[in-house]
Amino acid sequence: IANANNKTVAQILGRWCVQHGFVYMPKSVKKVRMVKNALVFDFELSKKEMDTLDALTSRQNIKTFVGLYQKCVNRDTSKDGTMDGVKMDITEA
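These figures come from a predicted structure and were not determined experimentally. (Residues numbered from 1 in each chain as written. Predicted model: local features only at pLDDT ≥ 70, side-chain atom pairs only at ≥ 80, totals over all residues. Heavy atoms only, no water.)

K.L.:
Just checking my understanding: could you explain the nonpolar core for this structure?
P.N.:
Across soluble globular proteins, nonpolar side chains have a tendency to be buried as a group. Of all hydrophobic cores here, the largest spans eight residues; its members are Ala2, Ile12, Trp16, Cys17, Phe43, Leu45, Met50 and Leu53. Residues within four places of Leu45 in sequence aside, it is in contact with Ile1, Asn5, Ile12, Arg15, Trp16, Gln19, Met50 and Leu53. (Core = buried A, V, L, I, M, F, W, Y, C linked by side-chain atoms within 4.5 Å. Buried < 20%, exposed > 50% of the residue type's maximum accessible area, 1.4 Å probe, protein only. Contact = heavy atoms within 4.5 Å.)

Here it is as structure tokens:
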């Protein structure tokens with residue numbers, strides 16, 4: 001899908017988020033890559049491409065994501081290493 005659209009994988013996944021109405025925040029430790037990852041508004045994924053990407057999402061994948069999200073939020077957000085005051089609820093579609 002990335003090759004067919006002449007985009008990076010990160011841009012494709014970012015666009016997938018946008019087309020689903022999810023909040024998409026590109027992240028990278030490198031500014032150049034972060035800027036490139038944000039370039040998701042100059043193309044649109046087809047229904048077939050969206051369906052293909054949607055099919056990659058399973059309950060197990062969501063469960064894995066939730067665990068990684070919680071780990072990263074704690075690492076990147078908490079001030080004292082605890083989850084006190086950190087929003088951890090994730091809405092699953």
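K.L.:
Is there a simple way to explain the packing of aromatic side chains in this structure?
P.N.:
How two aromatic rings sit relative to each other is set out by the distance from centre to centre and by the angle between their planes. Within the structure shown, the criterion is met by one aromatic pair. Summarising the aromatic geometry, the rings of Trp16 and Phe22 are spaced 5.6 Å apart at their centres and angled 65° between planes, so their arrangement reads as edge-to-face. Overall, Phe22 belongs to the partly exposed group, its relative accessible area being 41%. (Phe/Tyr/Trp six-rings, centres within 6.5 Å; stacked < 30°, edge-to-face > 60°.)

K.L.:
Hey, could you run me through helix H2 (residues 9–20) in this one?
P.N.:
In an α-helix there are 3.6 residues to a turn, and that puts residues three or four apart on one side. Between the first and last C-alpha of H2 there are 17 Å, a value that for twelve residues agrees with the 16 Å anticipated at 1.5 Å per step. Tucked into the core, H2 has its buried residues touching helix H1 (2–5), helix H3 (31–37) and helix H4 (47–54). Looking at the residues trailing H2, positive phi occurs at Gly21, about 85°. (Helix = DSSP H or I, 4+ residues; strand = E, 2+ residues; numbered from the N terminus. Expected span 1.5 Å × (residues − 1).)

K.L.:
For this particular structure, what's the right way to read the pattern of salt bridges?
P.N.:
It is possible for side chains bearing opposite charge to pair when their charged atoms get close. What the rule picks out here adds up to two salt bridges. A salt bridge links Asp42 to Lys7, with the shortest nitrogen-to-oxygen separation between them at 3.0 Å. Separated by 35 residues along the polypeptide, Asp42 in the loop between H3 and H4 and Lys7 in the loop between H1 and H2 bring together distant segments of the chain. With a relative accessible area of 56%, Asp42 lands in the exposed category. For Asp51, the salt bridge is made with Lys47, and the minimal N-O distance between the two is 2.9 Å. Of this pair, Asp51 and Lys47 both sit in helix H4, four residues apart, roughly one helical turn. (Salt bridge = Lys/Arg side-chain N within 4 Å of Asp/Glu carboxyl O.)

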